[in-house]
Amino acid sequence: VNTASEYIYMVSEARSAGLFTTLHTGGASIPGSFPITGQDLIEINPHVSFHINGGPVSIEDKYFEVVARDTEIAMQVCTAGNLRTAILCAEMARKHNSFERFLIATDTPTGSGIMPLGLIYTISQIASLADFDVAELIAAATGNVAKCYGLNSGFLEAGCDADVVRHLNSHSPPHVIWAGQMGQ
């Protein structure tokens, strides 16, 4: 693939075949690659736009609103991306009633390592710098992701896959909930 426009046919065919499609969005991420612009993203139309908030370079600001308002593309922001555009993306998703398509991720592991607290880091940054409730942002990193990818997790509900430790008080041992046993 030499240009972004070559992805339009491939993603369309993949979607037609029932495959789930993703696309890294923004500036060129590795030597020899090329940027995916906001217009490219809309024309390619994947299920999920990875790293929509870019790294040092993201798509033009105007496209965050267009993607939130006029497409069904899930908007995944990453810890290693641009914080200003992560907030802009969240704000546009909320403004256009598409917050269920706003996903928080870490984009790791990568060649530069892992970010064990990456989700908490991104949630706390957005909650501190913008008008979002922490619970909304936790949902973006858990339930929204589960819905987007069709996973039986991401929710603290009976029947959902879960590995959660609930510590009731300092005088009792922790209660461990495995594999969706909550409420049973």
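My aim in this report is to walk through the structure given alongside it, one point at a time. Keep in mind it's a predicted model, so treat the numbers as computed, not measured.

**A few points about the packing of aromatic side chains**
A full pass over the atoms with the stated rule returns 4 aromatic pairs. On the numbers, 6.2 Å between centres and 40° between planes, the contact of Y7 with F34 is tilted. Of this pair, Y7 sits in helix α1 (residues 6-16) while F34 sits in the loop between β1 (22-24) and α2 (38-44), placing them 27 residues apart in sequence. Classification of F34 by relative accessible area gives partly exposed; the value is 22%. When the centroid spacing of 5.0 Å and the interplanar angle of 50° are considered together, the rings of F20 and Y149 count as tilted. Pair noted here: F20 is in the loop between α1 and β1 and Y149 is in helix α7 (residues 143-149), with a separation of 129 residues, a long-range link. Exposure remark for F20: the relative accessible area of 39% places this residue in the partly exposed category. Among the aromatic residues, those joined into a ring-pair cluster are F99, F102 and F132. The ring of F132 carries the charged tip of R94 above its face, separated from the ring centre by 3.8 Å.

**Here we look at the pairing of strand β4 (residues 102-105)**
Two faces belong to every sheet, and in a regular strand the side chains alternate between them. Here β4 shows two buried faces, one formed by F102 and I104 and the other by L103 and A105. In the sheet, strand β3 (residues 74-78) pairs with β4 via 4 bridges, with the strands oriented parallel. Among the inter-strand pairings, Q76 is bridged to a residue of β4, identified as L103. Traced from β3 through helix α4 (residues 83-95) to β4, the parallel crossover comes out right-handed.

**Some details on the packing of helix α3 (residues 62-70) against α4**
Packing of α3 against α4 leaves a shortest axis separation of 8 Å and a crossing angle of 35°. Like other packed secondary-structure pairs, α3 and α4 cross with a definite hand, here right-handed. Residues F64, E65 and A68 of α3 form the contact with α4, whose participating residues are T85, L88, C89, M92, A93 and K95. Here the contact of α3 with α4 is built from residues that sort into 6 nonpolar, 1 polar and 2 charged.

**Some points on the pattern of salt bridges**
Evaluated as defined, the whole model comprises 4 salt bridges. Close ionic contact of D61 with R84 constitutes a salt bridge, the shortest N to O distance being 3.0 Å. Taken together, the residues D61 in the loop between β2 (48-50) and α3 and R84 in helix α4 connect sequence positions 23 residues apart. You can call D61 partly exposed: its relative accessible area is 35%.

**Here we look at the side chain of N53**
Position of N53 relative to the elements: it lies in the loop between β2 and α3. There is a polar contact of 2.9 Å between the side chain of N53 and the backbone nitrogen of C78. Aside from chain neighbours lying at most four places away, what touches N53 is S58, F64, Q76, V77, C78, G81, N82, T85 and A86.

**Some words on the sheet that holds β1**
Pairing is parallel in the open sheet, where 4 strands are placed in the order β1-β2-β3-β4. Among the strands making up the open sheet, the edge pair consists of β1 and β4. Along the sheet, successive strands turn relative to each other by an average axial angle of 25°, direction set aside. Pairing between β2 and β3: 2 bridges, direction parallel. Bridge pairing in β3 links S49 to M75.

**Quick look at the layout of surface pockets**
Reported here for the largest pocket is a volume of approximately 230 Å³. Looking at the largest pocket, it is lined by 15 residues, and the ones nearest its centre are Y7, L23, H24, F34 and I36. Where the lining of the largest pocket is concerned, the elements lending two or more residues are α1 and β1. A breakdown of the residues in the lining of the largest pocket according to their chemical character gives 9 nonpolar, 6 polar and no charged.

Procedures and definitions
- Residues numbered from 1 in each chain as written.
- Predicted model: local features only at pLDDT ≥ 70, side-chain atom pairs only at ≥ 80, totals over all residues.
- Heavy atoms only, no water.
- Phe/Tyr/Trp six-rings, centres within 6.5 Å; stacked < 30°, edge-to-face > 60°.
- Helix = DSSP H or I, 4+ residues; strand = E, 2+ residues; numbered from the N terminus.
- Buried < 20%, exposed > 50% of the residue type's maximum accessible area, 1.4 Å probe, protein only.
- Lys NZ or Arg CZ within 6 Å of the ring centre and 35° of its normal.
- Pairing = 2+ DSSP bridges.
- Right-handed = clockwise from strand over helix to strand, strands pointing away.
- Axes fitted to C-alpha atoms, helices over the stretch in contact; angles between N-to-C directions.
- Left-handed = near helix turned anticlockwise from the far one by under 90°.
- Contact = heavy atoms within 4.5 Å.
- Nonpolar A, V, L, I, M, F, W, Y, C, P; charged D, E, K, R; others polar.
- Salt bridge = Lys/Arg side-chain N within 4 Å of Asp/Glu carboxyl O.
- Polar contact = N/O pair within 3.5 Å; in protein donor to acceptor, adjacent residues only side chain to side chain.
- 1 Å grid on protein atoms, 1.4 Å probe; cavity = no way out; pocket = protein on both sides within 12 Å on 5 of 7 lines; lining within 4 Å.
- Points joined across faces, edges and corners; volume = space filled by probe spheres on them.

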